[in-house]
Amino acid sequence: MTSDRAAIAIATLGILLLTVMDAIIKSLSAEFSALQIMYFRNVTGMFFAGLFFLAMKPGWPNREQLRNHALRSSIMLCTGLMFFYALGQIPLAELFVYTFTAPIFVALLGSLLLKERLTGPVVAGLAVGFVGIIAIVATDPAARFGSGSSMGVAAALLSPILYALAMVLLRLHSGNEPVSRIVFLQSLLISSVIVPLAAFTTPLPTGVNLWKVLALGILGTAGNALLATAFKKAEAGKVAVSEYTGLIWAALIGYAFFSETPRMMVWVGAALVITGCLIVARGRTVRQPMAAQDA
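Residues numbered from 1 in each chain as written. Predicted model: local features only at pLDDT ≥ 70, side-chain atom pairs only at ≥ 80, totals over all residues. Heavy atoms only, no water.

## Considerations on the overall build of the protein chain
Rule in force here: Helix and strand labels come from DSSP, where a helix needs a run of H or I of at least four residues and a strand needs a run of E of at least two; each type is numbered from the N terminus. The buried label goes to any residue with under 20% of its type's maximum accessible area, the exposed label to any with over 50%, and the partly exposed label to all in between, with areas taken from a 1.4 Å probe on protein chains only. Residue contacts follow a heavy-atom distance rule, with two residues in contact if any of their heavy atoms lie within 4.5 Å. Calculation of accessible area relied on Shrake-Rupley with a 1.4 Å probe; when residues are assessed, cover is drawn exclusively from the protein chains displayed.
Within the protein chain, the secondary structure is distributed over 12 helices and 0 strands. Along the protein chain, from the amino end to the carboxyl end, the secondary structure elements read α-α-α-α-α-α-α-α-α-α-α-α. Taken across its 295 residues, the protein chain has 50% of its residues classed as buried. Long-range pairs, those at least 24 residues apart, make up 91% of the contacts in the protein chain with a sequence separation of at least 6. Per element, the accessible surface of the protein chain, about 13,700 Å² overall, is 70% carbon and sulfur.

## Here we look at the confidence of the model for the protein chain
Defined as follows: pLDDT measures how confident the predictor is about each residue, on a scale from 0 to 100.
The pLDDT averaged across the protein chain works out to 83; a share of 90% of its residues lies at or above 70. Low pLDDT, under 50, characterises residues 285–295; the stretch is placed with 25 contacts to residues that sit more than four places away or in other chains.

## Focus: the pattern of salt bridges
Cut-off, in case you're wondering: Between Lys or Arg on one side and Asp or Glu on the other, a salt bridge is scored when a side-chain nitrogen of the former is within 4 Å of a carboxyl oxygen of the latter.
Evaluation of the coordinates by the stated rule reveals 2 salt bridges. With a shortest N-O distance of 2.8 Å, R171 and E116 are connected by a salt bridge. In this pair, R171 is assigned in helix 7 (residues 150–174) and E116 in the loop between helix 5 (102–113) and helix 6 (120–138), connecting sequence segments 55 residues apart. Note that E177 is salt-bridged to R181, the shortest N-O span being 2.9 Å. Overall, the relative accessible area of 7% leaves R181 in the buried class.

## Things to note about empty space enclosed by the protein
Heads up, the rule is: Cavity: a set of points on a 1 Å grid over the protein atoms alone where a 1.4 Å probe fits but cannot get out. Pocket: an open set with protein on both sides within 12 Å along at least five of seven lines, its lining residues, like those of a cavity, having an atom within 4 Å of a point. Grid points are joined across faces, edges and corners, and a volume is the space filled by probe spheres set on the points. Under the scheme applied here, ten amino acids are nonpolar (Ala, Val, Leu, Ile, Met, Phe, Trp, Tyr, Cys and Pro), four are charged (Asp, Glu, Lys and Arg), and all others, including Gly, are polar.
Applying the stated criterion across every chain yields a total of 1 cavity of 30 Å³ or more. Size it by volume and the largest cavity reaches roughly 40 Å³. What lines the largest cavity is A107, S111, E116, R117, L118, V122, E235, G237 and K238. Across the lining of the largest cavity, the residue classes tally to 3 nonpolar, 2 polar and 4 charged.

## Observations concerning the side chain of Q36
Keep this limit in mind: Polar contact is the term for a pair of N or O atoms within 3.5 Å; when the atoms are in protein, one must be able to donate a hydrogen and the other to accept it, and sequence-neighboring residues count only if both atoms are side-chain atoms.
The topology assignment puts Q36 in helix 2 (residues 34–56). A polar contact is formed between the side chain of Q36 and the backbone nitrogen of S33, at a distance of 2.9 Å. Looking at Q36, its side chain comes within polar contact range of the main-chain oxygen of T201, at 2.9 Å. The residues touching Q36, leaving out its near neighbours within four places in the chain, are T201, T202 and P203.

Here it is in structure tokens:
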């Protein structure tokens, strides 16, 4: 398996774990607010990422690296807050359209900031995958486009752009930094903001919810570690197409655990998404000089 194909496979597994995490979040949303769930996610994630950090002993970053971590973590925090805000303002099906533009922005920002050339297979794979997403959402009877508030739409538009920027900066700044340090510092820095906001208003989870909260930390840490590994191994534009598989995992998990039967068009769209991933994975990589990565 080539480095690019391995990176896409690793990222796809990471997306699967994060989608399972999203399903657990959905099951918790009836009892906890979005901010409280973010609190659970980041505190438990910080704990398990901390264990990963201590086991690998990667050492502490220098001042410049710490600034880079702080910048990426700030962007990821804003991304999460905007996503949760949009979730309460516009229909979920409509939100999917905005969310799945992230791979396109990753490829574009990768071309601008990392000097990664947009080859034909990358562009074709992104286009085919996005057509699959549009086919699913545009035929969803629950989608009522334009029904959300203007602020909700603005948040939904900005969230994937900021996410894409964070992923590109991860590749730009990571260099030889260990994945354990990247994941731990992101959890630590985001938690430093979330904990003061939610710690005193969030009830302690009990019973099955306690196990769900612990699962959030494990799945989030593992998923983010896999994505960080993938973005270190291959070009951002190639890895980004794996984001599209999230809708496939969501459909399967929804059917298995929430009795949500996917429509036929979901499977048609899923086939297009998989085709897009295969086009990108089989494409020959063409790189421009990457001097910008050492800046």
